[in-house]
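# Structural overview
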Amino acid sequence: KVLGADSRLEDGRLEIDGRNLSGWEAPYELVRKMRASFYVLGPLLARFSQARVSLPGGCALGPRPVDLHLKAMHKLGCEITLDSGYVVVKAGKMKGARITLDLASVGATGNAMMAATAAHGTTVIDNAACEPEIVDLADMLNTMGAKINGASTRRIEIEGPTLLKAVEWTVIPDRIESGTFIICGAATGGNITATHCRPDHLMLVLDKLTETGCVVETDVDSIHIMSAEGRPRAVDITTAVYPGFPTDLQAPWTALMALSDGNAVITDTIYPERFNHVPELQRLGALIRKDLNSVHIHGVEKLTGAPLMCSDIRAGAGLVTAALAAQGESNILRVYHLDRGYERLEDKIAGLGGCIRRIRE
């Protein structure tokens with residue numbers, strides 16, 4: 001709306017009319033609330049050949065620079081400057097280029113792919129992210145008229161320029177939300193079914209849950225999990241880019257392993273500092289020791305409720321998981337983080353039988 005678009009959100013349906021779009025500045029007061037706002041950079045360049053976007057804020061997960069995004073835009077022929085905390089990018093006439101990402105970044109891949117639809121000639125993105133979200137974005141852009149090949153592989157080719165047209169699109173289910181619920185079910189001794197999901201996007205997670213002793217059954221769009229008898233077995237995980245174990249499910253898995261029968265090692269290769277939930281889990285009685293980008297967990301028979309502080313979206317999901325499994329009451333502060341990643345989380349958990357409610361301070 002700030003950029004001039006007419007948008008309406010109702011009952012899970014978002015309508016956007018961008019015909020009167022006039023602005024190309026994404027302001028700090030909005031971008032600071034969520035890093036994903038930086039993804040408007042590519043579309044604004046494609047539309048206006050210029051963009052002014054605030055450097056992003058978001059979760060406290062350690063340094064997550066946007067240099068990969070900017071290097072990609074520079075390759076396309078853009079001129080980039082920094083001005084008072086804003087990235088100012090001017091494109092002129094973008095030309096197709098070969099972009100090799102240092103890391104297979106989902107955000108940089110998507111941003112570069114969107115910008116490249118307006119570049120003249122062929123753009124190749126090497127070491128591209130191949131997460132399902134990138135595939136879904138490419139599929140939608142192709143339906144809009146783009147010419148993109150290779151999504152789901154490490155090499156994506158975009159032929160431009162193309163004039164995109166409006167479409168109606170149903171986005172893929174959120175695999176992190178689905179994964180969080182089934183891990184939460186495993187931690188609480190539950191027997192639950194997650195519907196409207198994509199089991200094929202969570203295969204490694206489901207394999208790991210089976211190793212803990214859970215019984216996992218899948219259908220085309222649902223996952224049913226029956227918890228392990230007794231305490232779950234300890235299972236190590238190392239986060240990695242897709243199809244590896246998602247870093248966004250590391251915190252809920254840490255909560256599950258805190259109650260395991262054995263010792264587990266969890267290593268995060270994506271965000272080495274993503275362990276803000278560990279001190280809070282220790283407040284519940286978890287036996288966890290941090291060592292660089294890993295944690296060593298000695299499972300305990302029970303956790304005990306305590307006051308907790310939510311530092312980011314996924315840490316918050318881990319704390320909710322642990323609190324539901326703990327004996328006694330836990331109060332979790334700063335749950336506004338959770339609302340950025342989960343829709344009506346407390347309602348869905350309450351529907352599964354969890355004793356949870358939101359209190360306005």
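Small disclaimer: the values here were computed from a predicted structure and weren't measured. As a convention, each chain's residues are numbered from 1 in the sequence order in which they are written. Reporting of local features is limited, given that this is a predicted model, to residues whose pLDDT is at least 70; pairs of side-chain atoms are given and counted only at 80 or more, and all residues count toward the totals for whole chains, interfaces and linings. Values shown for side chains rest on all heavy atoms present in the structure; no hydrogens or waters enter the calculation.

## Considering the packing of helix 3 (residues 67–75) against helix 4 (residues 106–116)
Selection rule: Here an angle of 0 to 180 degrees is reported between the N-to-C directions of two axes, which are lines fitted to C-alpha atoms, with helices fitted over the stretch in contact. Numbered from the N terminus, helices here are DSSP runs of H or I no shorter than four residues, and strands are runs of E no shorter than two. These descriptions rest on fixed angle ranges, namely under 35 degrees for roughly parallel, over 145 for roughly antiparallel, 65 to 115 for roughly perpendicular, and the rest for oblique. Note on convention: near helix rotated counterclockwise from far helix by under a right angle means a left-handed crossing. Clockwise means right-handed. Contacts: residue pairs with any heavy atoms within 4.5 Å of one another. Each residue gets one of three labels, nonpolar for Ala, Val, Leu, Ile, Met, Phe, Trp, Tyr, Cys and Pro, charged for Asp, Glu, Lys and Arg, and polar for the others, Gly among them.
With their axes 8 Å apart at the nearest point, helix 3 and helix 4 run at an angle of 25 degrees to one another. Regarding the angle of helix 3 to helix 4, the classification is roughly parallel. Pair helix 3 / helix 4 crosses with right-handed handedness. Note on element contacts: helix 4 touches helix 3 through Gly107, Ala108, Asn111, Ala112 and Ala115, opposite Leu68, His69, Ala72 and Met73. The residue makeup of the contact of helix 3 with helix 4, split by class, is 6 nonpolar, 3 polar and no charged.

## Description of the layout of surface pockets
Where we set the bar: In this analysis, the protein atoms alone were mapped onto a 1 Å grid. Cavities are point sets where a 1.4 Å probe fits without being able to get out; pockets are open sets with protein on both sides within 12 Å along at least five of seven lines; lining residues have an atom within 4 Å of a point. Grid points are joined across faces, edges and corners, and a volume is the space filled by probe spheres set on the points.
In this model, the second largest pocket occupies a volume close to 810 Å³. What lines the second largest pocket is a set of 24 residues, and nearest its centre among them are Ser330, Asn331, Ile332, Ile356 and Arg357. Only helix 10 (313–325), strand 19 (331–333), helix 11 (336–339) and helix 12 (345–351) provide two or more residues apiece to the lining of the second largest pocket. Tallied by class, the residues present in the lining of the second largest pocket amount to 13 nonpolar, 3 polar and 8 charged.

## Side note on the sheet that holds strand 6 (residues 86–90)
Put simply, the rule is: At least two bridges found by DSSP between two strands is the condition for calling them paired.
The strand order 3-4-6-5 describes an open sheet built from 4 strands, whose pairing is mixed. Strands at the two margins of the open sheet, each flanked by one partner only, are strand 3 (25–26) and strand 5 (79–83). As judged from the 2 bridges shared by strand 3 and strand 4 (residues 50–54), these two strands associate in the parallel manner. By the bridge assignment, Glu25 is partnered in strand 4 with Arg52.

## Concerning the sheet that holds strand 13 (residues 222–226)
What the 3 strands build is an open sheet, ordered 11-13-12; its pairing is antiparallel. Each having just a single partner strand, strand 11 (191–195) and strand 12 (215–219) make up the two edges of the open sheet. On average, adjacent strands in this sheet sit at an angle of 15 degrees to one another, irrespective of strand direction. Alignment of strand 12 against strand 13, held across 5 bridges, turns out to be antiparallel. Counted as the bridge partner of Asp219 is Ser222 from strand 13. Set on the sheet, helix 6 (residues 175–187) makes contact with strand 11 and strand 13; between it and strand 11 the angle comes to about 180 degrees.

## Examining the confidence of the model for the protein chain
So the rule is basically this: Per residue, pLDDT measures the predictor's confidence, with a range of 0 to 100.
When the pLDDT values of the protein chain are averaged, the result is 94; 98% of them are 70 or greater. Here residues 59–63 is a poorly scored stretch, pLDDT under 50, and it has 13 contacts once near neighbours within four places are set aside; other chains count.

## A word on the packing of aromatic side chains
Stated precisely, the cut-off is as follows: Each pair of aromatic rings taken from Phe, Tyr and Trp, with Trp reduced to its six-membered ring, is defined by centres within 6.5 Å and is described as stacked if the planes are under 30 degrees apart, edge-to-face if over 60, and tilted in the remaining cases. Residue burial is assigned from relative accessible area. The probe radius is 1.4 Å, only protein chains are included, and a residue is buried under 20% of its type maximum, exposed over 50%, and partly exposed in between. Here, a charge over a ring means that NZ of Lys or CZ of Arg falls within 6 Å of the ring centre while also lying within 35 degrees of the ring normal.
In the structure shown here, the tally under the stated rule is 2 aromatic pairs. Here Trp24 and Phe48 contribute two aromatic rings whose centre-to-centre distance is 5.8 Å and whose plane-to-plane angle is 55 degrees, an arrangement assigned as tilted. Of this pair, Trp24 sits in the loop between strand 2 (13–17) and strand 3 while Phe48 sits in helix 2 (residues 41–48), placing them 24 residues apart in sequence. Relative to Trp253, the ring of Phe245 lies with its centre 5.5 Å away and its plane at 70 degrees, an arrangement referred to as edge-to-face. Just as Phe245 is buried, Trp253 falls in that class too. The lysine or arginine in question, Arg52, covers the ring of Tyr86, its NZ or CZ lying 4.3 Å from the ring centre.

## A few points about the pattern of salt bridges
Counted only if it meets this: Whenever Lys or Arg places a side-chain nitrogen within 4 Å of a carboxyl oxygen from Asp or Glu, that contact is recorded as a salt bridge.
Summed over all chains, the structure comprises 20 salt bridges. The residue Arg13 makes a salt bridge to Glu15 at a minimum N-O spacing of 3.2 Å.

## Side note on helix 6
Stated precisely, the cut-off is as follows: A helix is expected to reach a length of 1.5 Å times the quantity of its residues less one. Here a polar contact means two N or O atoms within 3.5 Å. Within protein one must be a hydrogen donor candidate and the other an acceptor candidate, and residues neighboring in sequence count only if both atoms are side-chain atoms.
If you check helix 6, its first and last C-alpha atoms are 18 Å apart, about what 13 residues at 1.5 Å a residue would give, namely 18 Å. Among the 13 residues in helix 6, 13 count as buried, and that is most of the element. For helix 6, the side-chain oxygen to backbone nitrogen distance between the N-cap and Ile176 is 2.9 Å, and the N-cap itself is Asp174. In the segment just after helix 6, Gly189 is the residue with positive phi, at about 70 degrees.

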